[in-house]
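Next come the chains, spelled out residue by residue.
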Amino acid sequence: MKTIAALPFMKSTLTRALFPALGLSLLLGACSDNSPEPGTTGMQETQDEAPAATEAGTNPLLVASSLPYGMPPFDEIRNEHYLPAYEQAMALESEEIEAIANNPEPASFDNTIIALERSGQALTRVARIFGNVSGAHTNPDLQAVQREMAPRLSAHNDSISLNPDLFARVNTLYEQREELALDPESDRLLERYHTSFVRAGAQLNEEQKERLREINSELASLSTQFTQNVLAEVNASAVVVDTREELAGLSDAQIQAAADEAAERGEEGKYVITLRNTSGQPPLASLENRALRERIQRASVARGSRGNEFDTTGIVSDTVKLRAERAQMLGYDTHADFILSEQTAGSKVVVNQMLGGLAPVAVANARIEGEEIKRVIDETEAEPFELEAWDWAFYAEKVRQARYSFDESEVRPYFELNNVLDNGVFYAAEQVYGLSFERRDDLPTYHPDVQVWEVFDVDGSGLGLMLGDFYARGSKRGGAWMNSYNTQSGLLGGSKVIGNHLNITKPPAGEPTLMTFDEVTTLFHEFGHVLHGLFSDVEYPRFAGTSVPRDFVEFPSQVNEMWATWPEVLENYALHYETGERIPQDLLDRVLEAAQFNEGFGTTEYLAASVIDQALHQLPPEEIPDADGIMAFEAQALADAGLNYDPVPPRYRTPYFSHIMGGYSAGYYSYIWSEVLDADAVQWFIENGGMLRENGDRFRNTLLSQGGSKDAMELYQDFAGRLPDIEHMLRRRGLQPQ
């Protein structure tokens, strides 16, 4: 593999270039979906105690749940509850804000900042439950509520963040902060509030504020429409297959699942291949029929740009233009400048430096992999052909099988979902943190596939609940994510109820759920986010759980991936689903040896998506393409970055790039940025004895429990006692210097 000879942000300049000193960060979430959109104040957190509400006895969303840990009573909640609950909760918060802003007493930390922390609990409860359920199991009624409430919630948020009397009180305290003698967490809270108000437009004049309200309302509606279009389009783009023979290469269970899907869609006797929201699709690694592989790939990458009712190119163009206009109104050149000023990266210069340094090496590695795949095509096909995107996964699997003498079908019987969860994910958490888990089938859920676990701390006390929602369905958005229904703070109390979502294809009834190793890793990853939420131990709700910079939040979850391949853990969960026998050692060794296989492909597809994100958001408003120019712009951005290698398309193309139309705008680089920290932290664990309770306790106490209460890089140094070394990440991805 080709390696990097030198990168400008490596090692000696790491502290200055890659991780510059960070100003205090905005409250941003993760694939842990916990964040307000940029420009909102993020003032409220759901807690156990509900304020009094009109019709409280008839609307379960407006009263404290009597279930353990305040878990939402899903069996009582109906679609018709959401809209009136939103309306009453917004009215209640408006009253609370009015009382704070018009308090005749001089501004104090308690009557202003603490009062803001206490406000909006009812609205956050409603918004969290609705947001989580509408993402995991939507329906037309919920989508109608989304469309109606998006602009109304935007206006409500603006009524708070653009309230001049409220900001005057916050600003007075900010100017007096040195005289207030606050403790460090309280001082940080005051600074965060002030920064959030400023970034939300509190210092603009009235004409600018009015335009900002219009922009925020339009962006809220566009975001909702994009989300609904992407879901509708991925369902509409499913590929119908006429005969079983065309599905050669798939397992019997996969074929049956395709037949069941066809029957549900009224296509009896046929088969339907559903799509995920990535460009690549899992069946491409197994399907022998090249024409069908091409149909699937073309259907996948065309989503959102077909000119049909679900086309999103116009939504993307309008959104990026409005974001750019808002950024300039707030004093930034571009939306990327606005976003990155609050991240650990600090600036687009640093992000561009990283992406620009990695891209040519990743593509060079991908081309080497492509050449090897082409040799296999030439050697095995009667009529050789040029390598295309729909060929890569299928023939890469042949290369892996030849090189390491195993394929995915050989290892999947050892990765049954329940076993991986109980004897892998939970086992690792028990060994590292002392946690234990108990199924709670007595608690109601929003879908029959959802399972609930109660999590106990090392001393046996209850820590919280985890809702596991692991299967894909047409009513669920793509990807994998964690979110919170309830969070913790010393100020307000609160119990932790956390959702953990994947999109694994559900097998036919009675069949086991056999996972790919990528899905196993994702399960460990998302549980890392769950731990970040469960271990939260902060004073203020604003800092709870995953409330850290976007380019830091993936780091703890990536660290948790290490246990997926930790020998002690892997040997404990890699058991054959039928015989219970452990995976043979020689097969296990080969699986681990293949860890870097196809890394050029993986890094290239990821970097391509990251470059698209930055290219769009680093433009001023007047240079942003219209709807009919979005796809050409994407192609040119990839060409300019040297990432236009056709067999490896971006992981997400612009029209279905949900990350950047939500909380990851100008932030998709965060995954590889966080991986620098992750790889260095894994090295720290190795250097300090690996899977030891004292290591887990240190990680928990110095970092995971602290949420956003301290500067992100300060948290890392508290844990590791050093700044991260990028060489560990480069080595992991086969990009290390020689």
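Further up the page is the structure itself.
Trainee: Sorry if this is basic, but what is going on with the overall build of the protein here?
Mentor: The helix and strand tally for the protein stands at 28 helices and seven strands. With the C-alpha coordinates aligned to their principal axes, the bounding extent of the protein is approximately 85 × 55 × 55 Å. Taken across its 738 residues, the protein has 61% of its residues classed as buried. Nonlocal contacts in the protein, meaning residues at least 24 apart in sequence, comprise 77% of its contacts between residues at least 6 apart. Summed over all atoms, the accessible surface of the protein reaches about 27,400 Å², with 46% contributed by carbon and sulfur. For the protein, the distance from the average position of its 59 positive side-chain charges to the average position of its 114 negative side-chain charges is 3 Å.

Trainee: Explain the packing of helix H18 (residues 517-534) against helix H19 (residues 550-560) to me, please; I cannot follow it from the model alone.
Mentor: Helices that pack against each other are described as a pair by the angle of their axes relative to one another and the distance between those axes. Two elements in contact, H18 and H19, have axes whose closest approach is 7 Å; the angle formed by their N-to-C orientations is 125°. Classified by the angle their axes make, H18 and H19 are oblique. Our pair here, H18 against H19, has a crossing hand that is right-handed. Facing Phe-524, His-525, Phe-527, Gly-528, His-529, Leu-531 and His-532 of H18, the residues of H19 in contact are Val-553, Glu-554, Pro-556, Ser-557, Gln-558 and Asn-560.

Trainee: Is there a simple way to think about the pattern of salt bridges in this case?
Mentor: Any two side chains of opposite charge can pair if their charged atoms end up close together. One pass over the structure, following the stated rule, counts 42 salt bridges. Here Lys-710 makes a salt bridge to Asp-718, at a shortest N to O gap of 2.5 Å. Here Arg-731 ties to Glu-727 by a salt bridge, and the two come within 3.8 Å at their closest N and O atoms. With Arg-731 and Glu-727 both in helix H28 (residues 727-732) and four residues apart, this pair spans about one turn of that helix.

Trainee: Teacher, can you tell me more about the packing of aromatic side chains here?
Mentor: Counted by the stated rule, this structure contains 40 aromatic pairs. Judged by centre distance (6.2 Å) and plane angle (85°), the ring pair of Trp-392 and Tyr-645 falls under edge-to-face. With a gap of 253 residues between them, Trp-392 in helix H15 (residues 389-404) and Tyr-645 in the loop between helix H23 (630-640) and helix H24 (658-661) connect regions that are remote in the sequence. With respect to burial, Trp-392 and Tyr-645 carry one shared label: buried. Where Phe-394 meets Tyr-395, the ring centres are 4.9 Å apart and the plane angle is 85°; that geometry is what we call edge-to-face. The pair Phe-394 / Tyr-395 is uniform in exposure class, with both members buried. Taken together, the ring pairs connect Phe-552, Phe-555, Trp-563, Trp-566, Trp-684, Phe-685, Phe-699, Tyr-716 and Phe-719 into an aromatic cluster. Residue placement shows Arg-477 over the ring face of Trp-481; its charged tip is 3.8 Å from the ring centre.

Trainee: Please clarify how the sheet that holds strand E3 (residues 436-439) should be interpreted in this entry.
Mentor: Picture the strands of a sheet paired through backbone hydrogen bonds; they go either parallel or antiparallel. Across the sheet, which stays open at both edges, the five strands sit in the order E3-E4-E5-E7-E6 with mixed pairing between neighbours. Lying at the two open borders of the sheet, with one neighbouring strand each, are E3 and strand E6 (481-486). In this sheet, adjacent strand axes meet at a mean angle of 25° when their direction is disregarded. Where E6 lies against strand E7 (residues 497-504), five bridges are found, and the strand directions are antiparallel. If you follow Asn-486 over to E7, its bridge partner there is Val-497. Sheet strands in contact with helix H4 (residues 121-136) are strand E5 (462-471), E6 and E7, and its direction is about 145° off that of E6.

Trainee: For this particular structure, what's the right way to read helix H12 (residues 313-329)?
Mentor: In an α-helix, one turn spans 3.6 residues, which is why side chains three or four residues apart end up on the same side. With 17 residues, H12 extends 24 Å from end C-alpha to end C-alpha; this agrees with the ideal 24 Å at 1.5 Å per step. With 12 of 17 residues buried, H12 is to be regarded as a mostly interior element. For H12, the full list of buried residues reads Thr-313, Ile-315, Val-316, Ser-317, Thr-319, Val-320, Leu-322, Arg-323, Ala-324, Arg-326, Ala-327 and Met-329. Residues of H12 that are buried in the fold lie against helix H9 (206-236), helix H13 (335-340), helix H22 (599-617), H23 and H24. Of the residues one or two after H12, Gly-331 is the one with positive phi, at around 100°.

Trainee: Explanation requested: the packing of helix H14 (residues 348-380) against H22 in the structure shown.
Mentor: Two elements in contact, H14 and H22, have axes separated by 8 Å at closest approach and are oriented at 145°. In this structure, H14 meets H22 at a crossing whose hand is left-handed. On the side of H14, the interface is formed by Val-351, Asn-352, Leu-355, Leu-358, Ala-359, Ala-362, Val-363, Asn-365, Ala-366 and Glu-369, while H22 contributes Glu-599, Gly-600, Phe-601, Thr-603, Thr-604, Leu-607, Ser-610, Val-611 and Gln-614. In terms of residue class, the contact of H14 with H22 is built from 10 nonpolar, seven polar and two charged.

Trainee: For this particular structure, what's the right way to read helix H11 (residues 290-302)?
Mentor: Given a rise of 1.5 Å per residue, 13 residues ought to cover 18 Å, and the 18 Å separating the end C-alpha atoms of H11 matches this to within 8%. Listed as buried for H11 are Leu-292, Arg-293, Ile-296, Gln-297, Ala-299, Ser-300 and Val-301. The inward-facing, buried residues of H11 abut strand E1 (239-241), strand E2 (271-273) and H15. Between a side-chain oxygen at the N-terminus of H11 and the backbone nitrogen of Ala-291 the separation is 3.0 Å; the capping residue is Asn-289. Looking at the residues trailing H11, positive phi occurs at Gly-304, about 80°.

Trainee: For this particular structure, what's the right way to read the nonpolar core?
Mentor: Most often, soluble globular proteins keep nonpolar side chains buried together rather than apart. Within the largest apolar cluster, 146 residues are counted, with the highest numbers of intra-cluster contacts made by Phe-415, Phe-524, Trp-563 and Tyr-573. A per-element tally of this core places H14 first, with 13 residues. Residues contacting Phe-524, with those up to four places away along its chain left out, are Val-420, Gly-424, Val-425, Ala-428, Ser-557, Asn-560, Glu-561, Trp-563, Ala-564, Val-569 and Tyr-573.

Trainee: Quick question: what am I supposed to make of the environment of Glu-98 here?
Mentor: Among the secondary structure elements, Glu-98 is positioned in helix H2 (residues 79-101). The sequence separation of Glu-98 and Tyr-669 amounts to 571 residues, and the corresponding C-alpha distance is 40 Å.

Trainee: Explain the environment of His-81 here, please?
Mentor: Examined against the element boundaries, His-81 turns out to sit in helix H2. Excluding anything up to four places from it in sequence, His-81 contacts Thr-58, Asn-59, Pro-60, Leu-61 and Glu-76.

Trainee: Could you clarify how one ought to interpret unusual backbone geometry in this entry?
Mentor: For residues besides glycine, phi is generally negative; the peptide bonds are generally trans as well. Positive phi outside glycine occurs at Ala-181, with the angle close to 55°. Tracing the chain through its elements places Ala-181 in the loop between helix H7 (177-180) and helix H8 (184-199). Owing to a relative accessible area of 69%, Ala-181 belongs among the exposed residues under this scheme. For Asn-598, which is not glycine, the phi torsion reads 65° and is therefore positive.

Trainee: Looking at this structure, how should I read the environment of Gln-297?
Mentor: By the secondary structure assignment, Gln-297 is in helix H11. Classification of Gln-297 as buried rests on a relative accessible area of 4%. Spatially, the C-alpha atom of Gln-297 lies 14 Å from that of Val-272, the residues being 25 residues apart in sequence. With near-sequence residues (within four places) excluded, Gln-297 lies in contact with Ser-279, Gly-280, Leu-284, Ala-389, Trp-390 and Pro-649.

Conventions we followed
Residues numbered from 1 in each chain as written. Predicted model: local features only at pLDDT ≥ 70, side-chain atom pairs only at ≥ 80, totals over all residues. Heavy atoms only, no water. Helix = DSSP H or I, 4+ residues; strand = E, 2+ residues; numbered from the N terminus. Buried < 20%, exposed > 50% of the residue type's maximum accessible area, 1.4 Å probe, protein only. Contact = heavy atoms within 4.5 Å. Areas by Shrake-Rupley, 256 points an atom, 1.4 Å probe, with all protein chains shown as cover. Lys, Arg positive; Asp, Glu negative; His and termini not counted. Charge placed at Lys NZ, Arg CZ, Asp CG, Glu CD. Axes fitted to C-alpha atoms, helices over the stretch in contact; angles between N-to-C directions. Parallel < 35°, antiparallel > 145°, perpendicular 65-115°, else oblique. Left-handed = near helix turned anticlockwise from the far one by under 90°. Salt bridge = Lys/Arg side-chain N within 4 Å of Asp/Glu carboxyl O. Phe/Tyr/Trp six-rings, centres within 6.5 Å; stacked < 30°, edge-to-face > 60°. Lys NZ or Arg CZ within 6 Å of the ring centre and 35° of its normal. Pairing = 2+ DSSP bridges. Expected span 1.5 Å × (residues − 1). Nonpolar A, V, L, I, M, F, W, Y, C, P; charged D, E, K, R; others polar. Polar contact = N/O pair within 3.5 Å; in protein donor to acceptor, adjacent residues only side chain to side chain. Core = buried A, V, L, I, M, F, W, Y, C linked by side-chain atoms within 4.5 Å.

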